2 protein chains.
Amino acid sequence: MTEHELIRELAEKNAAKIVMLVADGLGGLPLEPHGRTELETARTPHLDALAARGTSGLSVPVLPGITPGSGPGHLGLFGYDPLAFKIGRGALEATGIGFELGPHDVAARGNFCTLDSAGLITDRRAGRIPSEESFRVVERLQGVRIPGVETFVKPVKEHRFVVVFRGPGLDGGVADTDPQATGVPPLDPQPHTPAAARTAEVAKEFVRQARAILADEKKASGLVLRGFAGKPRLPSYLDLYGLRAAAIAVYPMYKGLARLVGMTLVGDAHTLDEQIAALETCWNDYDFFFLHFKYTDSTGEDGAFEQKVKRIEELDAALPRIERLRPDVLIVTGDHSTPSKLQSHSWHPVPTLLVADTCRPDGLDAFSERACLRGGLGQFPAKHLMLLAMAHALKFGKYGA
Amino acid sequence: MTEHELIRELAEKNAAKIVMLVADGLGGLPLEPHGRTELETARTPHLDALAARGTSGLSVPVLPGITPGSGPGHLGLFGYDPLAFKIGRGALEATGIGFELGPHDVAARGNFCTLDSAGLITDRRAGRIPSEESFRVVERLQGVRIPGVETFVKPVKEHRFVVVFRGPGLDGGVADTDPQATGVPPLDPQPHTPAAARTAEVAKEFVRQARAILADEKKASGLVLRGFAGKPRLPSYLDLYGLRAAAIAVYPMYKGLARLVGMTLVGDAHTLDEQIAALETCWNDYDFFFLHFKYTDSTGEDGAFEQKVKRIEELDAALPRIERLRPDVLIVTGDHSTPSKLQSHSWHPVPTLLVADTCRPDGLDAFSERACLRGGLGQFPAKHLMLLAMAHALKFGKYGA
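So, here's what we can say about the structure. The structure presented is a predicted model; accordingly, all values stated were derived computationally and were not measured.

## Looking at the nonpolar core
Consideration 1: Of all hydrophobic cores here, the largest spans 63 residues; its most connected members are Ile66 of chain A together with Tyr237, Met263, Phe288 and Met386 of chain B.
Consideration 2: With 7 residues, the top contributor of residues to this core is helix 14 (residues 385–392) of chain B.
Consideration 3: Aside from chain neighbours lying at most four places away, what touches Phe288 of chain B is Ile18, Met20, Tyr237, Leu243, Arg244, Ala245, Ala246, Met263 and Met386 of chain B.

This is the structure:
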């Protein structure tokens with residue numbers, strides 16, 4: 001019996017409400033040996049009080065030592081084994097710009113490149129043309145027409161864009177056309193499998209028409225396509241857990257990830273205050289609420305230790321307003337660590353806190369990496385967090401008699 | 001996606017160097033209730049200082065409660081699931097005496113036995129003839145000639161020897177010929193599968209010729225063969241991790257195990273000092289260094305608690321010389337526990353210490369079984385140790401975007 005089969009068998013509906021507050025990149029490192037992490041440095045009276053009431057632990061996003069991107073990091077928190085469920089690069093890029101993939105879509109990442117008169121690549125990134133110029137070029141590509149297929153071309157940033165083909169019988173199994181070198185032409189789209197033969201033909205026709213349109217461009221005269229992928233097949237929150245789930249996020253990537261598991265996007269918030277206002281507004285309409293807080297990650301990526309500390313304190317200050325809604329289960333966690341010291345995502349386990357009346361207290365009185373080491377949840381795979389959320393909300397029946 | 005597929009996908013080369021110091025049988029037990037283990041008794045200022053800088057934990061060699069031999073114990077540390085990758089007994093015995101198995105070899109363990117005039121076994125161990133006598137008998141067996149097959153017969157100890165058949169189309173699927181009883185004749189070599197039919201014939205011919213040669217021996221007049229096995233198919237360290245790996249071991253078994261995963265044997269050391277000298281000499285030529293220290297196991301096997309304590313102190317005293325090389329990741333662990341109290345390998349988790357600038361400190365200031373229980377690595381499967389080593393050396397890319 002797989003874990004998902006077990007979840008479907010045991011899930012029961014009740015009125016309990018679960019809030020999962022994801023502080024992106026929450027975990028950190030001290031800058032100096034014997035120093036404190038960002039979370040240990042921050043003044044977090046509300047998190048500490050919650051830790052005293054709840055149960056803490058450390059979540060391992062994928063496996064020990066494995067650093068996840070945002071996709072696998074969130075899939076784990078949502079209860080989908082990130083090694084079994086993968087989001088292809090094209091699909092993630094489309095998701096990240098807020099494009100809602102349909103079941104018959106295949107998305108690819110595109111890079112504009114510069115071609116010489118013989119069609120050989122002279123610059124694989126088209127001189128990193130500025131976003132505005134790229135937007136103009138992408139606009140020209142709206143003229144591509146492929147019979148039987150709807151084509152969407154969307155700008156991302158600088159020389160990067162996304163193309164989505166929509167139509168019956170498409171498949172993501174097409175090889176990258178980027179030769180990863182200059183002085184050679186872009187590769188033809190080749191199918192990995194017979195099922196992708198038609199998609200490769202569609203991509204070829206797209207490239208043919210695009211090349212004709214771009215022939216007079218100085219820099220963006222060609223393009224390469226990478227990471228062809230369909231919409232990942234993920235069971236929805238409603239299917240799997242029987243939960244009506246709402247997502248309250250500011251950035252398109254996290255909205256997209258939530259939508260991939262069937263969450264409803266709620267509100268149009270740009271600040272944490274607005275996010276919590278959205279939570280309050282939709283409180284009666286959902287069972288599960290995913291709140292995404294980006295800035296613990298972005299400050300970590302910037303190596304801005306003090307700024308990350310401040311962002312943690314900002315999050316802490318917002319907690320009483322969430323608590324006033326009296327969630328039956330309140331979880332505070334992260335999708336991965338982003339230590340300022342490393343200026344990147346890392347593999348270190350993520351401090352995690354679960355508060356519910358059904359918690360077994362673990363005697364902690366602070367929320368930090370070091371405290372969580374002695375927490376009642378121990379170190380656990382992130383994909384098990386939703387099992388704990390459901391259990392503490394009394395939404396699981398007994399397994400076996 | 002399997003763990004090895006993940007490793008291959010994420011592994012990146014950089015200049016970082018990893019040292020894995022394996023103190024064989026490191027973990028122990030107190031002799032008395034409320035007493036201290038060998039490691040807790042030993043004075044280990046350097047290990048304690050490293051514990052304060054690094055992250056500690058307890059490694060579970062195979063599964064909770066499972067006591068490994070040297071083969072599975074080391075496979076786990078090297079990152080090969082010891083339940084998925086098995087080294088057949090014949091292959092392990094050949095490896096243990098320093099015989100380098102080729103891809104077309106099949107090895108078996110041999111026991112000399114005593115046969116009566118009717119060919120029935122009267123002593124299954126040939127009176128445990130002394131090694132010197134066994135060496136003489138093995139020498140006589142060099143006369144065996146089998147068409148199309150190269151045959152190697154090597155002495156082990158007392159009545160035990162190894163035979164290796166080398167040639168195309170051989171297969172380890174041959175049943176033991178030891179009837180596990182006296183008063184009956186040795187069994188004929190029988191193939192388990194059609195693929196092993198020829199190997200069974202080869203073994204039969206070996207036995208026929210050997211019986212003729214040994215007919216005039218008083219004690220070693222017959223033989224039985226057990227544990228037929230080919231060379232295990234293990235991806236190499238270079239294939240899997242992209243690591244140029246060196247092994248610095250004194251005993252043939254550990255040299256052999258390292259060679260099975262593609263490590264290069266370095267130096268011809270007989271003492272720990274000589275091992276570290278070899279490490280210093282080859283420091284620039286490799287990315288990964290496996291140092292094997294045998295005596296924490298052999299003293300444990302002897303039930304010599306105080307001697308094991310001394311050996312741990314000897315190891316501790318050698319650490320500064322290793323530290324002077326400034327390894328980016330330094331790991332101290334064991335392949336299993338060997339408590340003096342039990343005079344044997346045991347299943348108890350193994351104290352493990354990982355030191356790197358990328359460690360998250362766990363607030364410990366000592367290295368011991370009890371301290372490791374509160375360490376940041378928690379209790380983890382030994383097969384995940386290499387994931388942590390690669391991560392802390394920043395040799396893994398991000399999983400997913």
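Let's pick the thread back up.
## Here we look at helix 5 (residues 89–96) of chain A
Residue and element names in this part refer to chain A.
Consideration 1: The element helix 5 is extensively covered by neighbouring structure, given that 7 of its 8 residues are classed as buried.
Consideration 2: What helix 5 keeps buried is the set Gly90, Ala91, Leu92, Glu93, Ala94, Thr95 and Gly96.
Consideration 3: Elements that come into contact with the buried residues of helix 5 comprise helix 4 (70–78), strand 3 (105–115), strand 5 (150–157), strand 6 (160–166), strand 7 (222–230) and helix 9 (252–260).
Consideration 4: After helix 5 finishes, the residue Gly98 shows a positive phi value of roughly 85°.

## Description of the sheet that holds strand 10 (residues 288–293) of chain B
All names here are of chain B.
Consideration 1: Ordered in space as 9-8-10-1-11-12-2-13, the 8 strands form an open sheet in which the pairing is mixed. Edge positions in the open sheet fall to strand 9 (264–265) and strand 13 (378–381), since each of these has one partner strand only.
Consideration 2: When strand 1 (residues 18–23) meets strand 10, the two strands line up parallel, connected through 6 bridges. The residue of strand 10 that forms the bridge with Met20 is Phe290.

## Observations regarding the interface of chain A and chain B
Consideration 1: If you look at the interface, chain A gives 33 residues, while chain B gives 30 residues.
Consideration 2: Taking both partners together, chain A and chain B bury about 2400 Å²; carbon and sulfur atoms supply 65% of that area.
Consideration 3: For the pair chain A and chain B, the interface holds 11 residue pairs in polar contact (both at pLDDT 80 or more).
Consideration 4: Mapped by element, the contributors of at least two residues to the side of chain A that touches chain B are helix 4, helix 5 and helix 13 (369–372) of chain A.
Consideration 5: Of the residues forming the side of chain A that touches chain B, the biggest block, 3 residues, is contributed by helix 4 of chain A.
Consideration 6: In the side of chain A that touches chain B, the residues fall into 16 nonpolar, 12 polar and 5 charged.

## With respect to the relation of the copies chain A and chain B
Consideration 1: For the match of chain A to chain B, the screw axis carries a shift of 0.1 Å, the RMSD comes to 0.2 Å, and the turn is 123°. The transformation relating the two chain copies, once decomposed into turn and shift, fits a three-fold axis. For chain A, the residue whose C-alpha comes nearest the rotation axis is Arg374 of chain A, separated from it by 4.0 Å.

## Notes on the layout of surface pockets
Residues and elements named next belong to chain B.
Consideration 1: Taken as a whole, the largest pocket spans an internal volume of roughly 910 Å³.
Consideration 2: Taken together, 32 residues line the largest pocket, and the ones lying closest to its centre are Ser70, Gly71, Leu92, Glu93 and Met253.
Consideration 3: For the lining of the largest pocket, the elements supplying multiple residues, two or more each, are helix 4 (70–78), helix 5 (89–96), strand 5 (150–157), helix 9 (252–260) and helix 11 (295–301).
Consideration 4: Grouping the amino acids of the lining of the largest pocket by side-chain chemistry returns 16 nonpolar, 7 polar and 9 charged.

What counts, and at which threshold
Going along each chain's sequence as written, the residues are numbered from 1 onward. Each chain gets a letter, beginning with A, and each ligand a number, beginning with 1, in the order they are written. pLDDT decides what is reported in this predicted model: residues at 70 or higher carry local features, side-chain atom pairs at 80 or more are listed and counted, and totals for whole chains, interfaces and linings draw on all residues regardless. The side-chain values count all of the structure's non-hydrogen atoms but skip hydrogen atoms and water molecules. Put simply, buried Ala, Val, Leu, Ile, Met, Phe, Trp, Tyr and Cys residues joined by side-chain atoms within 4.5 Å make one nonpolar core. Note on exposure labels: buried denotes an accessible area under 20% of the residue type's maximum, exposed denotes more than 50%, and partly exposed covers the range between, all computed with a 1.4 Å probe on protein chains only. Here a strand is any run of E in DSSP of at least two residues, a helix any run of H or I of at least four, and the numbering for each starts at the N terminus. Two residues form a contact once any of their heavy atoms are found within 4.5 Å. At least two bridges found by DSSP between two strands is the condition for calling them paired. By buried area we mean the combined loss of accessible area, with a 1.4 Å probe, across both parts when two parts are placed together. N or O atoms closer than or at 3.5 Å make up a polar contact, with two conditions inside protein: a donor-capable atom paired with an acceptor-capable one, and, for residues adjacent in sequence, both atoms drawn from side chains. As a working rule, the residues Ala, Val, Leu, Ile, Met, Phe, Trp, Tyr, Cys and Pro are called nonpolar, Asp, Glu, Lys and Arg charged, and the rest polar, with Gly in that last group. In this comparison the copies share one frame, found by least squares on the C-alpha atoms of residues holding pLDDT of at least 70 in both. The method works on a 1 Å grid over the protein atoms by themselves. A cavity is a set of points holding a 1.4 Å probe that cannot get out, a pocket is an open set with protein on both sides within 12 Å along at least five of seven lines, and residues with an atom within 4 Å of a point line them. Grid points are joined across faces, edges and corners, and a volume is the space filled by probe spheres set on the points.

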